[in-house]
Amino acid sequence: MLNSKQSIVVFGATGQQGGSVAKALLNAGWRVRALVRDPTSAKAITLRDAGAELVQGSYADTNAIQTAMRGAYGVFSVQQSSPSGEVTDEEEVRFGIAIADLAVACGVTHLVYSSGGAVSDRPTGMGHFDSKMRIEAHIRKLPIKATIIRPVAFIDMLVMPGFGLDEGRFNFFMHPEQSIQLLAVEDIGKFVEPIFADPNRFGARTFEIASDTVTGKDLEALFSQAAGRPIAYSRFTDEVLEASPFLASLTALLDEGPLAGHADLNALREINPAMQSVREWLAGTGRDSFVRALGTEGTWAYGRG
Ligand SMILES: NC(=O)c1ccc[n+]([C@@H]2O[C@H](COP(=O)([O-])OP(=O)(O)OC[C@H]3O[C@@H](n4cnc5c(N)ncnc54)[C@H](OP(=O)(O)O)[C@@H]3O)[C@@H](O)[C@H]2O)c1
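Residues numbered from 1 in each chain as written. Predicted model: local features only at pLDDT ≥ 70, side-chain atom pairs only at ≥ 80, totals over all residues. Heavy atoms only, no water.

### Overview of the overall build of the protein
Phase 1: Scanning the protein for helices and strands turns up 13 helices and eleven strands.
Phase 2: Its C-alpha atoms give the protein a radius of gyration of 19 Å, within 12% of the compact-globule value 19 Å for 305 residues.
Phase 3: Taking all 305 residues of the protein together, the buried fraction comes to 54%.
Phase 4: Across the protein, the fraction of contacts at a sequence separation of at least 24, relative to all contacts at a separation of at least 6, is 76%.
Phase 5: Accessible area for the protein stands at about 13,500 Å²; split by element, carbon and sulfur atoms hold 49% of it.
Phase 6: Looking at charge distribution, the protein has the averaged site of its 28 positive side-chain charges lying 6 Å from that of its 35 negative ones. (Helix = DSSP H or I, 4+ residues; strand = E, 2+ residues; numbered from the N terminus. Rg over C-alpha atoms; globule rule 2.2 N^0.38 Å. Buried < 20%, exposed > 50% of the residue type's maximum accessible area, 1.4 Å probe, protein only. Contact = heavy atoms within 4.5 Å. Areas by Shrake-Rupley, 256 points an atom, 1.4 Å probe, with all protein chains shown as cover. Lys, Arg positive; Asp, Glu negative; His and termini not counted. Charge placed at Lys NZ, Arg CZ, Asp CG, Glu CD.)

This is how it looks when you write it as structure tokens:
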């Protein structure tokens, strides 16, 4: 196992994945350098106060990235994708490839790239998955120890406005008896830290990460119990799917298999024994956002950008 006193450059450290990774690395004693666009933002200041070194720059800023990577042992790479409305698929690919190439050029030993759960070596037809397939393919050709993780859909996403929790219901991609794997964002870092700590075991590997498997009916029971009132589950209606090609494509990918998740939960529990089921998330870190979601109206804007 590695001496964790070395430096890891974390991209997206003010966001969900990078934030989870920065926190887990700092907790385990690693030095964390975070590339942030705005060091005066509240999230950047929180990161700095937690012990991270901030380097100001964007994904397009080669000099800043090189400054951050100088002398670093590892890099955690994640990019935003087109459903956020912040980048195009081509920009995601460009940033993902540039970060990996710079890691090689700067002599970084271990790169961990966060891809996506539905990604494989076969295109899905959805831009924000196929972008990651292209970044993965590029990374595999590079002379660097690279671990590729493929996180499945986040549990934390379930409480976004528009899935119906504020109206006492919940709509998602599965038929009531159909299952999907989900992942607590907090667990991403708890998988990534052991990956950096044991490069001989995890280097050159690609695997999905998830922390639970649930059906629509399971979510109905879990949400009803957590809310203390009935939260009925149903799949998105045909009208909703007809109105949103993005949701329709995701639903088709679930039915065809790629989006269902195929992570080996038993093997993952050995890496991160504390990984959270939806039940545990609802009772713990997700409790406040779940309660807020019960009273928050809104539409599901993600994917319309
Ligand atoms: N939602 C899901 O269920 C799910 C599941 C698996 C994979 N994914 C994938 O996860 C990725 C997004 O990760 P996330 O959810 O952690 O993102 P996020 O929470 O939206 O955070 C994005 C991070 O990237 C930074 N950032 C954005 N543009 C930047 C730029 N040009 N230069 C430097 N930093 C920049 C942001 O910093 P600022 O503070 O400066 O804004 C922020 O720290 C996407 O590729 C998505 O496809 C999502």
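### Section: the pattern of salt bridges
Oppositely charged side chains can pair when the atoms bearing their charge come close.
Phase 1: Applying the stated rule across the entire model yields ten salt bridges.
Phase 2: The closest approach of N and O atoms between Arg 33 and Glu 53, which form a salt bridge, is 3.5 Å. Of this pair, Arg 33 sits in strand 2 (residues 31-36) while Glu 53 sits in strand 3 (residues 53-56), and the two are 20 residues apart along the sequence.
Phase 3: A residue is classified by how much of its surface remains accessible, and Arg 33, at 14% relative accessible area, is buried.
Phase 4: In this structure, Arg 150 engages Glu 136 in a salt bridge whose closest nitrogen and oxygen atoms are separated by 2.7 Å. Linking Arg 150 in strand 6 (residues 145-151) with Glu 136 in helix 5 (residues 127-140), this pair joins segments that are 14 residues apart in sequence. (Salt bridge = Lys/Arg side-chain N within 4 Å of Asp/Glu carboxyl O.)

### A look at the packing of helix 1 (residues 16-27) against helix 6 (residues 185-197)
Phase 1: Interhelical geometry of helix 1 versus helix 6 gives an angle of 50 degrees and a closest axis separation of 7 Å. Looking at the two axes, helix 1 sits oblique to helix 6. Seen along the crossing, helix 1 lies across helix 6 with a hand that is right-handed. Residue-level contacts link Gln 16, Gln 17, Ser 20, Val 21, Lys 23, Ala 24 and Leu 25 of helix 1 to Val 185, Glu 186, Asp 187, Ile 188, Gly 189, Lys 190, Val 192, Glu 193 and Phe 196 of helix 6.
Phase 2: Per-class residue counts for the contact of helix 1 with helix 6 are seven nonpolar, four polar and five charged. (Axes fitted to C-alpha atoms, helices over the stretch in contact; angles between N-to-C directions. Parallel < 35°, antiparallel > 145°, perpendicular 65-115°, else oblique. Left-handed = near helix turned anticlockwise from the far one by under 90°. Nonpolar A, V, L, I, M, F, W, Y, C, P; charged D, E, K, R; others polar.)

### Looking at empty space enclosed by the protein
Phase 1: Here the structure, examined in full by the defined rule, presents one cavity of 30 Å³ or more.
Phase 2: Put simply, the largest cavity is a space of about 30 Å³.
Phase 3: If you go around the largest cavity, the residues you meet are Leu 158, Val 159, Met 160, Pro 161, Gly 162, Phe 163, Gly 164, Leu 165, Asp 166, Ala 293 and Thr 296. (1 Å grid on protein atoms, 1.4 Å probe; cavity = no way out; pocket = protein on both sides within 12 Å on 5 of 7 lines; lining within 4 Å. Points joined across faces, edges and corners; volume = space filled by probe spheres on them.)

### Some words on the site of the ligand
Phase 1: Taken together, 21 residues surround the ligand, and among them Thr 14, Gln 16, Gln 17, Tyr 59 and Gln 79 come closest.
Phase 2: Here Gln 80 contributes a side-chain N or O atom positioned 3.1 Å from an oxygen atom of the ligand.
Phase 3: Summarising the interface, the protein chains cover 81% of the accessible area of the ligand, which totals 940 Å² for the free molecule.
Phase 4: Split into classes, the residues belonging to the shell around the ligand amount to eight nonpolar, ten polar and three charged. (Near = heavy atom within 4 Å. Polar contact = N/O pair within 3.5 Å; in protein donor to acceptor, adjacent residues only side chain to side chain.)

### Here we look at the packing of aromatic side chains
Phase 1: One pass over the structure, following the stated rule, counts 15 aromatic pairs.
Phase 2: Between the NZ or CZ atom of Arg 205 and the centre of the ring of Phe 207, over which it lies, the distance is 4.7 Å. (Phe/Tyr/Trp six-rings, centres within 6.5 Å; stacked < 30°, edge-to-face > 60°. Lys NZ or Arg CZ within 6 Å of the ring centre and 35° of its normal.)

### Looking at the side chain of Asp 166
Phase 1: The residue Asp 166 is located in the loop between strand 6 and strand 7 (169-172) in this model.
Phase 2: Here Asp 166 sits buried without a salt bridge, and the closest side chain of opposite charge, Arg 169, lies 6.0 Å off (N-O distance).
Phase 3: Not counting the four nearest positions on each side in its chain, Asp 166 is found in contact with Ala 293, Leu 294, Gly 295, Thr 296 and Glu 297.

### Some words on the nonpolar core
In a soluble, globular protein the nonpolar side chains are often hidden away together inside.
Phase 1: Within the largest apolar cluster, 78 residues are counted, with the highest numbers of intra-cluster contacts made by Phe 170 and Phe 172.
Phase 2: The contacts of Phe 172, once residues within four sequence positions are left out, are Met 157, Leu 158, Phe 163, Ile 180, Tyr 233, Ser 234, Arg 235 and Phe 236.
Phase 3: Judged by nonpolar contacts, the second largest core, of 24 residues, contains Ala 68, Val 108, Leu 111 and Ala 146. (Core = buried A, V, L, I, M, F, W, Y, C linked by side-chain atoms within 4.5 Å.)

### Some remarks on the packing of helix 4 (residues 89-105) against helix 5
Phase 1: The geometry of helix 4 relative to helix 5 is characterised by a closest axis approach of 9 Å and an angle of 20 degrees between their N-to-C directions. By the criterion of interaxial angle, the relationship of helix 4 to helix 5 is roughly parallel. At the point where helix 4 passes helix 5, the crossing takes the right-handed sense. Together, Asp 89, Glu 90, Glu 92, Val 93, Gly 96, Ile 97, Ala 100 and Asp 101 of helix 4 and Gly 127, His 128, Ser 131, Lys 132, Arg 134, Ile 135, His 138 and Ile 139 of helix 5 make up the contact between the two elements.

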